[in-house]
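Descriptive structure summary
Below are the chains, spelled out letter by letter.
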Amino acid sequence: RKEVEQDPGPFNVPEGATVAFNCTYSNSASQSFFWYRQDCRKEPKLLMSVYSSGNEDGRFTAQLNRASQYISLLIRDSKLSDSATYLCVVTWYGNTGKLIFGQGTTLQVKP
Amino acid sequence: EPEVTQTPSHQVTQMGQEVILRCVPISNHLYFYWYRQILGQKVEFLVSFYNNEISEKSEIFDDQFSVERPDGSNFTLKIRSTKLEDSAMYFCASRTGTQSNYGYTFGSGTRLTVV
């Protein structure tokens, strides 16, 4: 079983749409959770951390369900500039802070 | 905003040659990492480095790979005898010791092409 699993997509949505991405992780000892954004051939960039209580940053909302080992990202009012690959990332207790990446979900926002 | 700097941005090398990828982490960061991403695949952890030694390495990081922090500022990844399958983007990252958000910063990567 993959450590972090995502639907690769692509998700093709019109501008202004709401889109949701899901991610599951296999290690129940996972400690911290993040969504990263990666543009083509560029480095991953932190979009937001994910907390158990859920958290929001502008048009982006992240949720964590530890019991189901499930993480989600909701993007409201999609912009053309949101087109990218969204990476689900986890770390776990006792390791050296290495990040475990999912394959990523590709989003293409069309005019 | 402080940056992690990687050089070169693109390197082409012949199979069997040695390559050294260079990174300058953020100056007050304590933990250093190398990751790689083969085209079309996920980002994979290679090695972590703390207090002048390797703290963890993945199965990918075999005897062909080594890391050094020779002068307290640079952090290098050496591949001794490159193979075609080493072609990938290599990302350096560094972070502070702060637990709360890890403070991870990635460099812009080196694209290694082995021919």
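A short tour of the structure in this document, coming up.

A count of helical and extended segments in chain A gives zero helices and eleven strands. Its helices and strands taken in sequence order, chain A reads β-β-β-β-β-β-β-β-β-β-β from the N to the C terminus. Taking the principal axes of its C-alpha atoms as reference, chain A extends roughly 45 × 30 × 20 Å. Looking at chain A as a whole, 50% of its 111 residues are labelled buried. Contacts spanning at least 24 positions in sequence make up 56% of the contacts within chain A whose residues lie at least 6 apart.

The number of helices and strands found in chain B is zero helices and eleven strands. Ordered by position from N to C terminus, the α and β elements of chain B give β-β-β-β-β-β-β-β-β-β-β. Whereas a compact globule of 115 residues would reach a radius of gyration of roughly 13 Å, chain B reaches 13 Å, a difference of no more than 12%. Considering only C-alpha atoms, chain B reaches an extent of 40 × 25 × 25 Å along its principal axes. When the 115 residues of chain B are sorted by exposure, 45% land in the buried category. At a minimum sequence separation of 6, the contacts of chain B that also span at least 24 residues come to 53%.

Within this structure, the stated rule accounts for two disulfides over all chains. Each disulfide pairs two cysteine sulfurs, and for A:Cys23 the partner residue is A:Cys88, the sulfurs being separated by 2.0 Å. In this structure, the disulfide formed by A:Cys23 and A:Cys88 twists by about -75° around the S-S bond and is classed as left-handed. Highlighted residues: A:Cys23 in strand S3 (residues 19-25) and A:Cys88 in strand S9 (residues 84-92), separated in sequence by 65 residues. With a relative accessible area of 2%, A:Cys23 lands in the buried category. On the accessibility criterion, A:Cys88 (0% relative accessible area) is buried. Residue pairing for B:Cys23: its cysteine sulfur links by disulfide to B:Cys92, the two sulfurs lying 2.0 Å apart. Given an S-S torsion of about -65°, the disulfide between B:Cys23 and B:Cys92 has left-handed geometry.

Attention now goes to the sheet that holds strand S7 (residues 60-65) of chain A. Residue and element names in this part refer to chain A. One open sheet accounts for five strands, arranged S1-S3-S8-S7-S6; its pairing is antiparallel. Each of the sheet's edge strands pairs with one partner strand only, and the pair in question is strand S1 (4-6) and strand S6 (55-57). The mean angle between the axes of side-by-side strands here comes to 20°, regardless of whether they run parallel or antiparallel. Across three bridges, the pairing between S1 and S3 is antiparallel. Bridge pairing links Gln6 to Cys23 in S3.

Turning to the interface of chain B and chain A, a few remarks are in order. Opposite the 23 residues of chain B that make contact, chain A presents 18 residues. Interface area, chain B with chain A, both sides summed: about 1800 Å², of which 52% is carbon and sulfur. Linking chain B with chain A are one salt bridge, by the criterion used here. Between A:Lys98 and B:Glu56 there is a salt bridge; the shortest N-O distance is 2.7 Å. Summed over the shared surface of chain B and chain A, the result is nine residue pairs in polar contact (both at pLDDT 80 or more). Only strand S4 (31-37), strand S5 (43-50), strand S6 (53-57) and strand S9 (88-95) of chain B provide two or more residues apiece to the side of chain B that touches chain A.

Residue and element names in this part refer to chain B. The topology assignment puts Thr76 in strand S8 (residues 75-79). Residue classification places Thr76 among the buried residues on the basis of a relative accessible area of 8%. With residues near it in sequence (within four places) discarded, Thr76 still touches Ile20, Leu21, Arg22, Trp34, Ser66, Val67 and Glu68.

Rules used throughout
Residues numbered from 1 in each chain as written. Chains lettered and ligands numbered in written order. Predicted model: local features only at pLDDT ≥ 70, side-chain atom pairs only at ≥ 80, totals over all residues. Heavy atoms only, no water. Helix = DSSP H or I, 4+ residues; strand = E, 2+ residues; numbered from the N terminus. Buried < 20%, exposed > 50% of the residue type's maximum accessible area, 1.4 Å probe, protein only. Contact = heavy atoms within 4.5 Å. Rg over C-alpha atoms; globule rule 2.2 N^0.38 Å. Disulfide = S-S within 2.5 Å. Pairing = 2+ DSSP bridges. Axes fitted to C-alpha atoms, helices over the stretch in contact; angles between N-to-C directions. Buried area = accessible area lost by both parts, 1.4 Å probe. Salt bridge = Lys/Arg side-chain N within 4 Å of Asp/Glu carboxyl O. Polar contact = N/O pair within 3.5 Å; in protein donor to acceptor, adjacent residues only side chain to side chain.

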